[in-house]
Amino acid sequence: MENHTKDSTMKVSSLNSIDLANDDLHHSVVSLKQACLDCGFFYVINHGINEEFMDDVFEQSKKFFALPLEEKMKVLRNEKHRGYTPVLDEILDPKNQVNGDHKEGYYIGIEVPKDDPHWDKPFYGPNPWPDADVLPGWRETMEKYHQEALRVSMAIGKLLALALDLDVEYFDRTEMLGKPIATMRLLRYQGISDPSKGIYACGAHSDFGMMTLLATDGVMGLQICKDKNATPQKWEYVPPIKGAFIVNLGDMLERWSNGFFKSTLHRVLGNGQERYSIPFFVEPNHDCLVECLPTCKSESDLPKYPPIKCSTYLTQRYEETHAKLSIYHQQT
Ligand code: OGA
Ligand code: NI
């Protein structure tokens with residue numbers, strides 16, 4: 001993988017591209033494995049979600065964020081981490097940020113009705129939806145996107161299994177991605193970031209789960225830092241490619257793979273232009289025990305991380321990074 005400098009301040013990363021329509025599985029797996037060992041970021045193309053539909057999803061996302069704040073507050077994030085997150089609600093890098101992230105969001109998870117035996121699990125439950133009279137067709141568009149993104153995630157999961165020398169269906173089982181936690185998040189960034197003042201569109205972090213499929217509009221902003229221990233840290237932009245997902249591995253996969261596969265630090269800088277993105281966070285089942293995979297340990301590579309249950313780990317990470325819901329109720 002090579003880097004080139006566009007100008008002295010803007011370094012642009014060049015990432016491997018995984019073509020899901022390529023019949024040469026061996027080639028895809030080798031290229032994916034290389035990306036996972038290097039930085040865990042890669043593009044995914046030919047994933048089967050058509051561009052007109054993607055444009056619709058972004059249009060609907062824009063319509064939501066354009067609503068008056070009081071309308072958005074009607075679907076404020078609940079205790080299941082579903083719904084609207086106002087500006088500054090999340091703080092991903094408290095050590096370097098003066099306030100929270102300069103973004104608004106909307107979390108949508110798997111719709112689990114209240115009569116489902118699993119509905120009371122921490123990241124399950126019904127989604128709050130904006131009023132259908134205010135945003136007709138909105139829910140249908142978002143639910144369809146959720147389904148499609150999950151299908152693409154399962155296809156990537158198969159390639160990841162092969163890259164880890166596991167059975168191709170390893171991650172398809174119920175306790176893995178067969179009945180996963182999978183949460184999409186609509187995001188709108190605004191404002192200008194200034195790292196020297198601790199102001200970020202999205203603070204530096206690594207993602208919590210197995211992997212994230214990121215769809216963005218054409219506005220630059222995402223940066224990665226391949227070596228978090230370097231001083232000073234070197235940040236490279238990841239340019240958006242029309243029609244491609246930017247996919248990155250999360251901390252659970254780093255733990256599963258005993259640190260071989262990388263969950264890389266990333267952040268977003270705002271340049272004053274509005275920017276919309278939609279990460280789709282893929283985590284396994286609530287009860288999945290995330291522990292060193294059989295193919296990633298040996299006498300010389302003992303497991304580095306203690307096993308942890310997916311929902312325990314995720315709950316902890318959300319608590320560390322999101323405002324307490326009680327602050328909103330005090331205001332009203
Ligand atoms: C995230 C994230 C990047 C982006 O939400 O975890 O890294 O471009 N988003 O929105
Ligand atoms: Ni992220």
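How each quantity is defined
- Residues numbered from 1 in each chain as written.
- Chains lettered and ligands numbered in written order.
- Predicted model: local features only at pLDDT ≥ 70, side-chain atom pairs only at ≥ 80, totals over all residues.
- Heavy atoms only, no water.
- UniProt positions renumbered as here; feature names shortened; annotations may be inferred.
- Helix = DSSP H or I, 4+ residues; strand = E, 2+ residues; numbered from the N terminus.
- Buried < 20%, exposed > 50% of the residue type's maximum accessible area, 1.4 Å probe, protein only.
- Contact = heavy atoms within 4.5 Å.
- Areas by Shrake-Rupley, 256 points an atom, 1.4 Å probe, with all protein chains shown as cover.
- Lys, Arg positive; Asp, Glu negative; His and termini not counted.
- Charge placed at Lys NZ, Arg CZ, Asp CG, Glu CD.
- Pairing = 2+ DSSP bridges.
- Near = heavy atom within 4 Å.
- Polar contact = N/O pair within 3.5 Å; in protein donor to acceptor, adjacent residues only side chain to side chain.
- Patch = residues over 30% accessible without salt bridge, like charges linked within 9 Å, V, L, I, M, F, W, Y side chains within 5 Å.
- Salt bridge = Lys/Arg side-chain N within 4 Å of Asp/Glu carboxyl O.
- Expected span 1.5 Å × (residues − 1).
- Axes fitted to C-alpha atoms, helices over the stretch in contact; angles between N-to-C directions.

- Per an unreviewed UniProt entry, the chain is named Oxoglutarate/iron-dependent dioxygenase, and its organism is Arabidopsis thaliana x Arabidopsis arenosa.
- In its Sequence similarities (unreviewed entry) section, UniProt records this for the chain: "Belongs to the iron/ascorbate-dependent oxidoreductase family."

## Structural notes on the overall build of the chain
1) Next: For the chain, the count of helices and strands is 8 helices and 16 strands.
2) Next: With the C-alpha coordinates of the chain rotated into their principal frame, the extents come out at 60 × 55 × 40 Å.
3) Next: Buried residues in the chain amount to 53% of all 332 residues.
4) Next: Considering only residue pairs separated by 6 or more positions, the chain has 75% of its internal contacts joining residues 24 or more positions apart.
5) Next: Surface exposure of the chain reaches about 15,200 Å², of which carbon and sulfur atoms provide 52%.
6) Next: Here the chain contributes 36 positive and 48 negative side-chain charges, whose respective centroids are spaced 4 Å apart.

## A short note on the UniProt feature "domain: Fe2OG dioxygenase" (unreviewed entry) in the chain
1) Next: When the UniProt feature table is mapped onto this chain numbering, "domain: Fe2OG dioxygenase" (unreviewed entry) sits at residues 180–284.
2) Next: Summarising residues 180–284: 6% helix, 41% strand, and an end-to-end C-alpha distance of 4 Å.

## What about the pairing of strand S10 (residues 222–225)?
1) Next: Every second residue of S10 is oriented toward a common face, with Leu222 and Ile224 on one face and Gln223 and Cys225 on the other, all of them buried.
2) Next: In this sheet, strand S13 (residues 265–268) lies alongside S10 in antiparallel orientation, the contact comprising 4 bridges. Counted as the bridge partner of Ile224 is His266 from S13.

## Section: the site of ligand 1
1) Next: In the neighbourhood of ligand 1, the contacting residues comprise Leu187, Tyr189, His205, Asp207, Leu214, Leu222, His266, Val268, Arg275, Ser277, Pro279 and Phe281.
2) Next: Between ligand 1 and His205 there is a distance of 3.0 Å, counted from an oxygen atom to a side-chain nitrogen or oxygen.
3) Next: The contact in question runs from an oxygen atom of ligand 1 to an N or O atom on the side chain of Arg275, over 2.9 Å.
4) Next: When isolated, ligand 1 has an accessible area of 290 Å², and the protein chains bury 96% of it.
5) Next: Where the shell around ligand 1 is concerned, the elements lending two or more residues are strand S7 (181–189), S13 and strand S14 (275–283).

## Quick look at a negative patch on the surface
1) Next: A grouping of Glu51, Glu52, Asp56 and Glu59 is seen on the molecular surface, where their side chains present a negatively charged patch.
2) Next: Checked against the element boundaries, Glu52 lands in helix H2 (residues 51–65).

## So, helix H4 (residues 138–163)
1) Next: If you check H4, its first and last C-alpha atoms are 37 Å apart, about what 26 residues at 1.5 Å a residue would give, namely 38 Å.
2) Next: Positive phi shows up at Asp165, right after H4, with a value of about 60°.

## What about the sheet that holds S7?
1) Next: Strand order in this open sheet of 8 strands is S3-S4-S12-S9-S14-S7-S6-S5, and the pairing throughout is mixed. A strand with exactly one partner marks an edge of an open sheet, and here the two such strands are strand S3 (17–19) and strand S5 (83–85). With direction set aside, neighbouring strand axes in the sheet form an average angle of 25°.
2) Next: Bridge count between strand S9 (residues 211–216) and S14: 6 bridges; the pairing is antiparallel. Within S14, the residue paired with Ala215 across the bridge is Ile278.
3) Next: Most of the contacts of H2 go to S14, to which it runs at about 110°, and overall it touches S5, strand S6 (103–108), S7, S9 and S14.
4) Next: Against the sheet, H4 engages S3, strand S4 (41–45), S6, S7, S9, strand S12 (245–249) and S14, with an angle of about 130° to S9.

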